[in-house]
Amino acid sequence: VQMQRGLEAGSLAVGVGPAMAESYVTEALGTLAQDHPGVRLEVRVDHWKQLLDWLIAGELDMLIADLADALLDNRFVTKPLPPQEFIWFCRRGHPLSDKSNVTRKELIQYPLATPRMPPWALQWFAEVMAEDGTPQIALPTIQCESYSVLKRIVLGSQCVSGALARTIQPELENSLLTTLSVDAPKLQTNAGIVQMRKRTPSPLAVAFTERI
């Protein structure tokens, strides 16, 4: 009966955005594989636009990423997830590291190294540039979908970045990185689970969604 339900055999292809790849989604994947050793899980980490293309093409069964485009397209069924706060950070000894408060304008005076930014994050920076007439600049300065790479970039340069708190916890505990208190409304994830509306989810996809 379990095999017929698709929980003891079969496969599941999941797309995960860079921020959510550093969240509880990884525990859900690990425990799913642990509890159902006969299944095969494929995980692709990339920005939401690429993940949506793969989902439409049938290369993914579902994705967990920013909902920026999926909410506006009736081909998708979306399930929003609780928001999580982004933390801004830089290396120890960075010129901003000793400031009690950092403005958004001060933040973008240094190279910004992040994954691809959704429209709501770009607007967060555009607001302050519009206030004082600062020329609009293309952000981020360095775009990469791997937080492992981004952290190494920040550790060896004057770049700043933003991530979920757990992403940089080891480096904070070892005093390699420091958080920045930015004097602006907090940035939070706008993530959720996305599936194709006309594609019936497999029992394995349903089980994974329940774990998340």
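Scroll up for the structure.
Note that this is a predicted model, so its numbers are computed, not measured.

Moving on, we get to the pattern of salt bridges. Under the criterion given, the structure shown has ten salt bridges. The residue E42 makes a salt bridge to R44 at a minimum N-O spacing of 2.8 Å. With a shortest N-O distance of 3.1 Å, D69 and K49 are connected by a salt bridge. Residue D69 is located in the loop between β3 (62–66) and β4 (76–80), and its partner K49 is located in helix α2 (residues 48–56); the two are separated by 20 residues in the primary sequence. For D69, a relative accessible area of 26% gives the class partly exposed. The exposure class of K49 is partly exposed, given its relative accessible area of 34%.

Further remarks concern the sheet that holds strand β2 (residues 40–45). Strand order in the open sheet formed by five strands is β2-β1-β3-β10-β4, with mixed pairing between adjacent strands. Pairing within the sheet leaves two strands with one partner each, and these edge strands are β2 and β4. If you compare each strand with its neighbour and ignore which way they point, the axes differ by 20 degrees on average. By the bridge criterion, three bridges tie strand β1 (residues 11–16) to β3 in an arrangement that is parallel. Bridge pairing links G15 to L63 in β3. Sitting on the sheet, α2 touches β1, β2, β3, β4 and β10 (191–196), and the angle it makes with β3 is about 160 degrees. Taken strand by strand, helix α7 (residues 203–211) contacts β1, β2, β3, β4 and β10, and its axis lies near 45 degrees from that of β1.

Quick look at the layout of surface pockets now. Empty space within the largest pocket amounts to approximately 150 Å³. E85, F86, I87, W88, W124, L180, S181, V182, A184, P185, K186 and L187 are the residues that line the largest pocket. Tallying contributions element by element places strand β5 (residues 86–91) first for the lining of the largest pocket, with three residues. Among the residues making up the lining of the largest pocket, the classes are represented as nine nonpolar, one polar and two charged.

Moving on: helix α4 (residues 119–131). The end-to-end C-alpha separation of α4 is 18 Å, in line with the 18 Å expected for 13 residues at 1.5 Å each. Buried within α4 we find A121, W124, F125, A126, V128 and M129.

Reading the values: rules and limits
Along each chain, residues carry numbers from 1 onward, in the same order as the chain's sequence is written. Local features are withheld for residues below a pLDDT of 70 in this predicted model, meaning they are given only at 70 or higher, and side-chain atom pairs are given and counted only at 80 or more; totals for whole chains, interfaces and linings count all residues. Computation of side-chain values: all heavy atoms of the structure, hydrogens and water removed. Put simply, a salt bridge is a Lys or Arg side-chain nitrogen that is within 4 Å of an Asp or Glu carboxyl oxygen. Every helix listed is a DSSP run of H or I at least four residues long, and every strand listed is a run of E at least two residues long, numbered separately from the N terminus. The buried label goes to any residue with under 20% of its type's maximum accessible area, the exposed label to any with over 50%, and the partly exposed label to all in between, with areas taken from a 1.4 Å probe on protein chains only. Two strands qualify as a pair provided that DSSP identifies no fewer than 2 bridges between them. To define axes, lines are fitted to C-alpha atoms, for helices over the stretch in contact only, and angles between the resulting N-to-C directions are given on a 0 to 180 degree scale. The contact criterion used throughout is that any non-hydrogen atoms of two residues lie within 4.5 Å. In this analysis the probe radius is 1.4 Å and the grid spacing 1 Å, with only protein atoms considered; a cavity is a set of points the probe fits into but cannot get out of, a pocket is an open set with protein on both sides within 12 Å along at least five of seven lines, and lining residues have an atom within 4 Å of a point. Grid points are joined across faces, edges and corners, and a volume is the space filled by probe spheres set on the points. Here the nonpolar group is Ala, Val, Leu, Ile, Met, Phe, Trp, Tyr, Cys and Pro; Asp, Glu, Lys and Arg are the charged ones; every other residue, Gly included, is treated as polar. What a helix is expected to span follows from its residue count: subtract one and scale by 1.5 Å.

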